[in-house]
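What follows is the residue order along each chain.
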Amino acid sequence: MVFKYAPKPLVVDGILAVPINILNVTASMTFNAANKTAQCTAVMQFVLGHTGGNPIFDLRQTILSASLDGNTINPAKLAHHDFGGGLNTQLRIIEEFLNSNTTHSLTLIYDLGTPDAPNAQSIGWSSNTTRLSFDIYLSDLNPARYLEMWLPSNLLFDEFPVDLEVRITGSAYDHVLMTNGNKSDLGTNHWRIAFPATFCSSSHLLLIESADKVELLTDNISLSGGNVVTLELMKFVNDTSINLADKAITLGSYLIDFDNNIGPYLHGNRFVALLDNTVNRSMEYDGGTTSNIQSLRHETFHSWWARGMRPASGDDGWLDEGWTMYYTSGSGPNAIPFDMTDTPVKLWYNNPFKRNTPNASYVSGANFFSGLAADLGIALLQNYMSEIYREQKDRRYSTPFIEAELIRRSGKLELADYFDRFVYGYGNLPDNTKPDLYLRDATDDNGDIPYNGAFWRSPDVWVRKKDDGGTTHQDPEFGQDNWFYARVNNRGSNTARSFVVGFKINVWAGIQFIYPGDWLPLTAVTVGFNLAPGSSQIVKVRWPKEDIPPTGSHGCLLAVVYNSDDVPSAGTHVWENNNLAQRNLTIVDLEPGETAEIPVWIGNRYYRRWQYFMIEICRPETWPQINVEISHPRFEVVRDLFKSAENWYKKIIRSVQKKIHPSIKIFDPKEIILDNRAGNQKFVIHPTKNSNLTLEMADRSDFQEFSWPERPPIKAELIKKASKKLTIRFNHGKCASFPIILKPGVRHNVILKVEAPRDAKLRECLEVDLMQRNTRGQVIGGITVQINIIKKKRR
């Protein structure tokens, strides 16, 4: 999980640069107020991921000396390199190849000066006294403006504890240190701060001011769940526009509001704030802020979105800024519809090395959420965002993740169109160059529609029990997270700049599905990017353990791929639409002679008339004697299902009899003799090749046709069990079937019972298909039962 949002290893300036997980940073800062200098010694312990290489980190101070694992390393071997994130986004590379999954320690010694980062603030030395003014002064709007300004640090994906000792020497003044870390006083002007392991590089608040220059106040408020939060407030004495007692009430009301309406406060039992109207700047931290009064509500909200739910990378920072502006600005949230002819807006660059929030986030980002609210509704959008906040366990979000979650919760794949134009900045493609995305129904499927093979075993959608990159299907494991995978193919003439894949688990093994009804609500959604023509791309998404059906459940995995230029058609089956796929595969492990029972839905859900179907099973060529049965707990359901076609057939015969002559006599379904009572005419009625009935008159050349179906073949039998239950047993042979007639909208939840052959061999794999055919003989649904033969257990 540590490297979930980390950038992939990258060759930079001929060096294989790899991300690291910082385990901890231990540092000591000494500020000499007498000679106005400061020094720092920092030790960074870190571990590599599954790829060995040259570790990357950042520090925006000039390194004087360094050692790696106790061995001196030239600071020139820790130089900055351009990773393509834009101006001033360079990262340091440790030019020492280190093996994967190994732990190391880097010690750095450096003077503390003005950080080498855009608009960084210098240390505030008093010109004529020994007072110190220090503000860590993090910033989203400028790259390299987080913890790396002062201490070795990582990109936003990483979390790690920091143990920092701070000492001021040579000063005649007592100083106050304010922080959102856990502070211990070690003496006059001497502190130790423990920042928790949940902090990332944008979390840390640290202020030092001369005690005679500031005013302090503490107060308590109660949040939901009995959480009492202490407010620790500070202002400058010369700022007479602020009354701390009044502002404590105001701040407390914000915290209570957001705690009730957004979700729980995630920063323990403290909120720390410097309130300062003397400067026109504000910044958020984990459970804290430095803010002017005008921006206080905005910055407090950021302890939910920005420092509660954190951006996974600097590229994602636009979203929390846009959402905060939308939620807290002016008269409150509004809803202004998108105009899809407006100029595209680019807020996200799909670049993990981008390290700043675009200025456009404040206006264009807020406008984006206003457009979503116009589509979804203001209240529903707020509910979705609050649900995401409450449910996201790792407190990380990426832009594609928010897109996927809003689509999943709303069921509106078309939200992707808004992200494409007003977040990703995509304009319209020429009409003659569009992507054509498809999910294969089988290995021989090239995307042509309709597909006429066994479409219910798509090789392009599968489940894995772990996030291991495997490409073979596994039955899900109850009680843990599982993973959905999809392989998306592009046979079009242009790149799919972004696309959405939605997954749906129907916890019943139905054998006919129609889009979009059977796909909604979506179980999980993921987003992919940059799929070139003629290429394929595998995407994946977590299937949360809370949504995994219990062991023994059998279901069908459905998938849909959506692109703004390739939209799946409504009212279509999988074989009719190459944007759709299903994997109706149930895997059972059986001993020879053992049976498995799989619940299956057989129905006539979408036709408006009574319909004729064939229920057919096909066995392996080498195992035509596999016993297969269909049953139901209710006696009459099995009986009526099996006899429905025969009863229907007889009803049609009676209808024909009534139309032709009341004296018709049925001797055989292939020939009917009619006597007109006068005795001088004879009619012979027989089925023609097109299954119509031809009436021939002995003394006339003309004839009349009547609807006449052929008697449906039955290759199954109705068996009465000793338990007085009925079951339909399929005849042995490669394939066997029986007809059914179903009224509109009906579904039967039957049990498919499959027995492993008694003489099957260990590790043999057998597949049995259950299919439903329509009147044209076309397969409209199916399920495969894969039998894995296992060793007999000792009894």
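S.K.: Can you lay out unusual backbone geometry for me, pointing to particular residues and giving the numbers?
M.R.: The peptide bond linking Ile449 to Pro450 adopts the cis configuration, its omega dihedral lying at 0°. With respect to the element layout, Pro450 can be found in the loop between β25 (437-438) and β26 (461-464). With omega at 5°, the peptide bond leading from Tyr515 into Pro516 counts as cis. Tracing the sequence through the fold places Pro516 in the loop between β29 (509-510) and β30 (524-531). Phi at Asn119 takes a positive value of approximately 60°, unusual for a residue other than glycine. Its location among the elements puts Asn119 in the loop between β10 (103-111) and β11 (124-125). The exposure class of Asn119 is exposed, given its relative accessible area of 59%.

S.K.: Before we move on, can you summarise the state of the cysteines with the specific residues and values?
M.R.: Cysteine pairs can be linked by a disulfide, which is a covalent bond between their two sulfur atoms. Overall, the coordinates contain 1 disulfide when judged by the stated rule. Residue Cys618 pairs covalently with Cys735 via a disulfide, S to S 2.4 Å. Here the disulfide of Cys618 and Cys735 is right-handed, its torsion about the S-S bond being about 105°. Placement of the pair is Cys618 in strand β36 (residues 611-618) and Cys735 in strand β45 (residues 735-742), with a sequence separation of 117 residues. Overall, the relative accessible area of 12% leaves Cys618 in the buried class. Judged by relative accessible area, which is 30%, Cys735 ranks as partly exposed. Note on Cys40: no disulfide assigned, nearest cysteine sulfur contributed by Cys200 at a separation of 19 Å. Free of any disulfide, Cys556 has its nearest cysteine sulfur in Cys618, 18 Å distant.

Conventions we followed
Residues numbered from 1 in each chain as written. Predicted model: local features only at pLDDT ≥ 70, side-chain atom pairs only at ≥ 80, totals over all residues. Heavy atoms only, no water. Helix = DSSP H or I, 4+ residues; strand = E, 2+ residues; numbered from the N terminus. Buried < 20%, exposed > 50% of the residue type's maximum accessible area, 1.4 Å probe, protein only. Disulfide = S-S within 2.5 Å.

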